[in-house]
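So you can see what is in the structure, the chains are spelled out below.
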Amino acid sequence: MTKSDVTKIIYRYPYIAAGIKADSPQIHYYKGNRKETIVITEEIKIVCAIITEVYESEPVDYIRYMIRSILRGVSNKNIMIEMPMEKNAYEERKKNFIRKVFMLCAKANLVSREDILNTPIEKI
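Within every chain, residues take consecutive numbers counted from 1 along the sequence as written. The model is predicted, so local features are restricted to residues of pLDDT at least 70 and side-chain atom pairs to those at 80 or more, both for listing and for counting; the totals for chains, interfaces and linings are taken over all residues. Side-chain figures throughout are based on the complete set of non-hydrogen atoms in the structure, without hydrogens or water.

### Looking at the overall build of the chain
In step 1: Only DSSP runs of H or I covering at least 4 residues are called helices, and only runs of E covering at least 2 are called strands; the numbering of each starts at the N terminus. The helix and strand tally for the chain stands at seven helices and two strands.
In step 2: Ordered by position in the sequence, the α and β elements of the chain form the string α-α-β-β-α-α-α-α-α.
In step 3: The C-alpha radius of gyration computed for the chain amounts to 15 Å, which stays within 12% of the reference 14 Å derived for 124 residues, consistent with globular compactness.
In step 4: Oriented by its inertia axes, the alpha-carbon framework of the chain measures out at about 40 × 35 × 30 Å.
In step 5: Relative accessibility under 20% of the residue-type maximum defines a buried residue, over 50% an exposed one, and the middle range a partly exposed one, all with a 1.4 Å probe and only protein chains included. Out of the 124 residues in the chain, the part that is buried amounts to 35%.
In step 6: Contacts between residues were defined by any pair of non-hydrogen atoms, one from each residue, lying within 4.5 Å. By sequence separation, contacts in the chain at least 24 residues apart represent 55% of the contacts at least 6 residues apart.
In step 7: Throughout, the Shrake-Rupley method with a 1.4 Å probe supplies accessible areas, and for residues the shown protein chains are the sole cover considered. In the structure as shown, the chain presents an accessible area of about 8100 Å², 51% of it carried by carbon and sulfur atoms.
In step 8: Measuring between centres, the 21 positive side-chain charges of the chain sit 4 Å from its 16 negative side-chain charges. Restricting the calculation to C-alpha atoms gives the radius of gyration, and the globule rule supplies 2.2 Å times the number of residues raised to the power 0.38. When charges are counted, Lys and Arg contribute as positive and Asp and Glu as negative, whereas His and the chain ends are disregarded. Throughout, a charge is located at the NZ atom of Lys, the CZ atom of Arg, the CG atom of Asp or the CD atom of Glu.

Structure (structure tokens):
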């Protein structure tokens, strides 16, 4: 599992969580005019549990609100309008959230050593 896979799971979390709740083997969603499918595996279920754990362990209320909005599928523009922070601060906190989830996935042995080494430094 790569960082881009983790990011995709975070951005498609509302669909994946609904599929897990319905005990569906796969989910379908539309990205633009294209229909895309995600097969719900045990790895994806573990990543969703990690995302929930990160959300619940966050002590700062407005960061929790930001994470909740991201997980509900609210657009970046709407989150920034509602949040008391500038665009750069929002983007940095969002990247930190994704990094934290990725690090916990690595700790759970969902990320291979090769995936980490093949990720360019500027994308970490």
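### Section: the environment of arginine 99
In step 1: Structurally, the position occupied by arginine 99 is in helix 6 (residues 87–107).
In step 2: For the pair arginine 99 and lysine 3, spaced 96 residues apart in sequence, the C-alpha to C-alpha distance is 8.2 Å.

### Remarks on the state of the cysteines
Here a disulfide denotes one covalent bond, and it connects the sulfur atoms of two cysteines.
In step 1: In plain terms, two cysteine sulfur atoms within 2.5 Å form what is called a disulfide here. Counted under the stated rule, the structure contains zero disulfides.
In step 2: This cysteine, cysteine 48, is not joined by any disulfide, and cysteine 105 carries the nearest cysteine sulfur, 9.6 Å off.

### Things to note about the pattern of salt bridges
In step 1: Put simply, a salt bridge is a Lys or Arg side-chain nitrogen that is within 4 Å of an Asp or Glu carboxyl oxygen. Throughout the structure, instances matching the rule amount to three salt bridges.
In step 2: Here glutamate 91 and lysine 94 are joined by a salt bridge, their closest N and O atoms 3.6 Å apart. Of this pair, glutamate 91 and lysine 94 both sit in helix 6, three residues apart, roughly one helical turn.
In step 3: Here glutamate 92 and arginine 99 are joined by a salt bridge, their closest N and O atoms 3.9 Å apart.
In step 4: Exposure remark for glutamate 92: the relative accessible area of 39% places this residue in the partly exposed category.
In step 5: On the basis of relative accessible area, arginine 99 is assigned to the partly exposed category, the value being 25%.

### Focus: the packing of helix 1 (residues 3–11) against helix 6
In step 1: Simply put, an axis is a line fit to the C-alpha atoms, just over the touching stretch for a helix, and the angle between two N-to-C directions goes from 0 to 180 degrees. Across the interface, helix 1 lies against helix 6 with an axial gap of 10 Å and an inter-helix angle of 115°. For the pair helix 1 and helix 6, the crossing hand works out as right-handed. In contact with Lys3, Val6, Thr7, Ile10 and Tyr11 of helix 1, helix 6 contributes Lys94, Phe97, Ile98, Arg99, Val101, Phe102 and Cys105.
In step 2: Note on residue classes: Ala, Val, Leu, Ile, Met, Phe, Trp, Tyr, Cys and Pro are nonpolar, Asp, Glu, Lys and Arg are charged, and everything else, Gly too, is polar. Split into classes, the residues belonging to the contact of helix 1 with helix 6 amount to eight nonpolar, one polar and three charged. Rotating anticlockwise by less than a right angle from the far helix to the near helix defines a left-handed crossing, while the corresponding clockwise rotation defines a right-handed one.

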